[in-house]
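The residues making up each chain are set out below.
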Amino acid sequence: MERTLSIIKPDGVSRGLMGEIVKRFENNNIRIIAMKLVRMTKSQAEGFYAVHKERPFFGSLTDFMSSGPALVMVLEGENVIAKNRELMGATNYKDAAEGTIRRDFANDIEKNVVHGSDAPETAAVEISYFFNQFEIVG
Ligand code: RTP
Ligand code: MG
């Protein structure tokens, strides 16, 4: 059993896509074991995306991520890190496969609706960035 952090980014929340995306997780046998709305501060967003701090889009990305409420979730399931990345689709919606969340809903490379951890190590760090042990149902 694996765990991953999923975020419905501020564009996804403000566009009313939470239900649709949660439904896709449920339909794909992915269990949601923690969930909350967070309004990140700019510095929380900078901490979360620290790996990208040298990238040209860092300032804009962290402005966006702190621009409104986001829905953060811990997902659990077999191979859930890869499975979630598959449901999300490629970073750039233009490259995302048919039927993926980003292909279906994104129209901007930055405001691309969802985040998903990319490896077990980053999943563990990202989950603990938002949730303590009492907020995760076993
Ligand atoms: P994420 O971390 O959000 O799940 O997305 P990802 O792995 O598919 O993509 P990553 O390379 O980690 O980039 C993180 C987020 O930064 C924004 N981005 N903007 N303007 C640009 O060229 C650009 N490239 C990336 C996106 O919001 C991307 O999801
Ligand atoms: Mg990433």
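These numbers were taken from a predicted model, which means no experiment stands behind them. (Residues numbered from 1 in each chain as written. Chains lettered and ligands numbered in written order. Predicted model: local features only at pLDDT ≥ 70, side-chain atom pairs only at ≥ 80, totals over all residues. Heavy atoms only, no water.)

1. Things to note about helix α5 (residues 80-88)
Taken residue by residue, α5 has Val80, Ile81, Asn84, Leu87 and Met88 as its buried positions. Seen along its axis, α5 keeps its buried residues to an arc of 130°; they face one direction. Those residues of α5 that are buried lie in contact with β1 (2-8), α2 (18-27), β3 (70-77), α6 (101-105), β4 (114-116) and α7 (120-130). Downstream of α5 by one or two residues, glycine 89 has phi in the positive range, about 90°. (Buried < 20%, exposed > 50% of the residue type's maximum accessible area, 1.4 Å probe, protein only. Helix = DSSP H or I, 4+ residues; strand = E, 2+ residues; numbered from the N terminus. Arc of directions from axis to C-beta. Contact = heavy atoms within 4.5 Å.)

2. Some points on the UniProt feature "binding site: ATP" (unreviewed entry) in the protein
Within this numbering scheme, the UniProt entry marks Lys9, Phe57, Arg85, Thr91, Arg102 and Asn112 as carrying the feature "binding site: ATP" (unreviewed entry). Looking at the element boundaries, lysine 9 is found in the loop between β1 and α1 (10-14). Residues contacting lysine 9, with those up to four places away along its chain left out, are Tyr49, Phe64, Met65, Ala70, Arg102, Glu110, Asn112, Val113, Val114 and His115. As for its position among the elements, arginine 85 is in helix α5. (UniProt positions renumbered as here; feature names shortened; annotations may be inferred.)

3. Some thoughts on the site of ligand 1
Taken together, the neighbourhood of ligand 1 is formed by 14 residues, with Tyr49, Thr91, Glu110, Asn112 and His115 sitting nearest. In the complex, 81% of the free accessible area of ligand 1, which totals 560 Å², lies under the protein chains. Broken down by secondary-structure element, the contributors of at least two residues to the shell around ligand 1 are α5 and β4. Here the residues of the shell around ligand 1 are counted per class, giving five nonpolar, five polar and four charged. (Near = heavy atom within 4 Å. Areas by Shrake-Rupley, 256 points an atom, 1.4 Å probe, with all protein chains shown as cover. Nonpolar A, V, L, I, M, F, W, Y, C, P; charged D, E, K, R; others polar.)

4. Quick look at the pattern of salt bridges
Enumeration according to the criterion identifies nine salt bridges in this entry. The shortest N-O distance in the salt bridge between glutamate 76 and arginine 3 comes to 3.0 Å. Of the two residues, glutamate 76 is situated in strand β3 and arginine 3 in strand β1; the sequence distance between them amounts to 73 residues. Exposure remark for arginine 3: the relative accessible area of 33% places this residue in the partly exposed category. Linking glutamate 20 and arginine 24 is a salt bridge whose minimum nitrogen-to-oxygen distance equals 2.9 Å. (Salt bridge = Lys/Arg side-chain N within 4 Å of Asp/Glu carboxyl O.)

5. Some details on the nonpolar core
Residues Ile7, Met65, Phe130 and Phe131 are the most contacted members of the largest nonpolar core, which totals 20 residues. Among the secondary structure elements, those contributing two or more residues to this core are β1, β2 (31-38), α3 (42-48), α4 (58-65), β3 and α7. With four residues, the top contributor of residues to this core is α4. Beyond its immediate sequence surroundings of up to four residues, methionine 65 is in contact with Ile7, Lys9, Pro10, Met40, Ala45 and Tyr49. Core analysis: the next-biggest nonpolar cluster, separate from the first, contains 18 residues, Phe25, Ile101, Ala106 and Val114 among them. (Core = buried A, V, L, I, M, F, W, Y, C linked by side-chain atoms within 4.5 Å.)

6. Quick word on the packing of aromatic side chains
Within the structure shown, the criterion is met by four aromatic pairs. A ring pair is formed by phenylalanine 48 and tyrosine 129, whose centres lie 5.9 Å apart and whose planes are at 50°; its orientation type is tilted. In this pair, phenylalanine 48 sits in helix α3 while tyrosine 129 sits in helix α7, placing the two residues 81 residues apart along the sequence. We classify tyrosine 129 as partly exposed; its relative accessible area is 35%. Ring centres 5.3 Å apart and planes at 80° place the aromatic pair tyrosine 129 and phenylalanine 130 in the edge-to-face group. Take phenylalanine 130: its relative accessible area is 12%, and that puts it in the buried class. Put simply, the rings of Phe48, Tyr49, Tyr129 and Phe130 touch in pairs and so form one group of aromatic residues. The ring of phenylalanine 64 carries the charged tip of lysine 111 above its face, separated from the ring centre by 5.2 Å. (Phe/Tyr/Trp six-rings, centres within 6.5 Å; stacked < 30°, edge-to-face > 60°. Lys NZ or Arg CZ within 6 Å of the ring centre and 35° of its normal.)

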